[in-house]
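# Coordinates in review
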Amino acid sequence: MTTDRLPTLLEEIRHCRLCEEHLPLGPNPVVRAAESARLLIVGQAPGTRVHESGIPWNDPSGDRLRDWLQMDRETFYDESRIAIIPMGFCYPGRGKGGDLPPRPECAATWHQRLLAQLPDLQLTLLVGQYAQRHYLPHRYGSLTENVRHYRDALPTGYLPLPHPSPRNTLWLRQRPWFEAEVVPELRKQVKRALA
């Protein structure tokens, strides 16, 4: 049984320096949660804009995600209702094709302890391949197939989504079924979770 208290745990995370030597901009853990949260959003890791502001999804990816959710910023950032816990809490740096993958230390060190403090969660959005690899009970081999089979994940409390990055505009354009079928169901499930 965990003896963590969420405010203390969040403070501990915000002072985390586990992988400091690997972070080109230094540590700045970005995480939001309250015990009363009913929706959890698990993404990848902060980009440079989020690193600078300390506000998760405070970039064009966040704008698209809020559009998918039909949610204004005030509701989205109400941590009493919505927890935001990325796979990696700090900006991991840049690689050839974009940002590097989230550092593995965060999920291994903090996620289980955080989730133990969120007893009212009704739905978890798994945004991108890293969250899906870590949490999705049954995976279909690719992000596209995970998202296509989103209904299979709903009974377990998960809903897999592509990353809303502008880099994925082509992915979205080539898969019109996502906007036509998944987004309306996403809105319905989120509304139900927050009710």
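This report concerns the structure included in the present document. (Residues numbered from 1 in each chain as written. Predicted model: local features only at pLDDT ≥ 70, side-chain atom pairs only at ≥ 80, totals over all residues. Heavy atoms only, no water.)

The biggest cluster of nonpolar side chains holds 29 residues, and the ones touching the most others in it are Ile41, Phe76, Leu125, Leu159, Leu161, Phe178 and Val190. Of all the secondary structure elements, the ones that give two or more residues to this core are β1 (39-42), α3 (60-69), β2 (82-84), β5 (123-127), β6 (158-161), α9 (169-174) and α10 (176-194). Tallying contributions element by element places α10 first for this core, with 8 residues. When neighbours within four sequence positions are excluded, Leu159 is seen to be in contact with Leu123, Thr124, Leu125, Leu126, Tyr150, Leu154, Val182, Leu186 and Gln189. In this structure, Leu40, Ile85, Phe89 and Ala131 belong to the second largest nonpolar core, which totals 25 residues. (Core = buried A, V, L, I, M, F, W, Y, C linked by side-chain atoms within 4.5 Å. Buried < 20%, exposed > 50% of the residue type's maximum accessible area, 1.4 Å probe, protein only. Helix = DSSP H or I, 4+ residues; strand = E, 2+ residues; numbered from the N terminus. Contact = heavy atoms within 4.5 Å.)

Right, let's talk about empty space enclosed by the protein for a bit. For the structure shown, the criterion picks out 1 cavity of 30 Å³ or more. Cys16, Arg17, Leu18, Cys19, Glu20, Leu23, Pro27, Pro29, Phe89, Cys90 and Cys106 are the residues that line the largest cavity. Classifying every residue of the lining of the largest cavity by side-chain character gives 9 nonpolar, no polar and 2 charged. (1 Å grid on protein atoms, 1.4 Å probe; cavity = no way out; pocket = protein on both sides within 12 Å on 5 of 7 lines; lining within 4 Å. Points joined across faces, edges and corners; volume = space filled by probe spheres on them. Nonpolar A, V, L, I, M, F, W, Y, C, P; charged D, E, K, R; others polar.)

What follows covers the side chain of Asn146. Locating Asn146 in the fold gives a position in helix α7 (residues 143-148). In this structure Asn146 comes out as buried when scored by relative accessible area, which is 5%. For Asn146, the side chain forms a polar contact with the main-chain nitrogen of Tyr140, separated by 2.8 Å. If we ignore the near neighbours within four places in the chain, the residues touching Asn146 are Gln132, Leu136, Arg139, Tyr140, Gly141 and Pro160. (Polar contact = N/O pair within 3.5 Å; in protein donor to acceptor, adjacent residues only side chain to side chain.)

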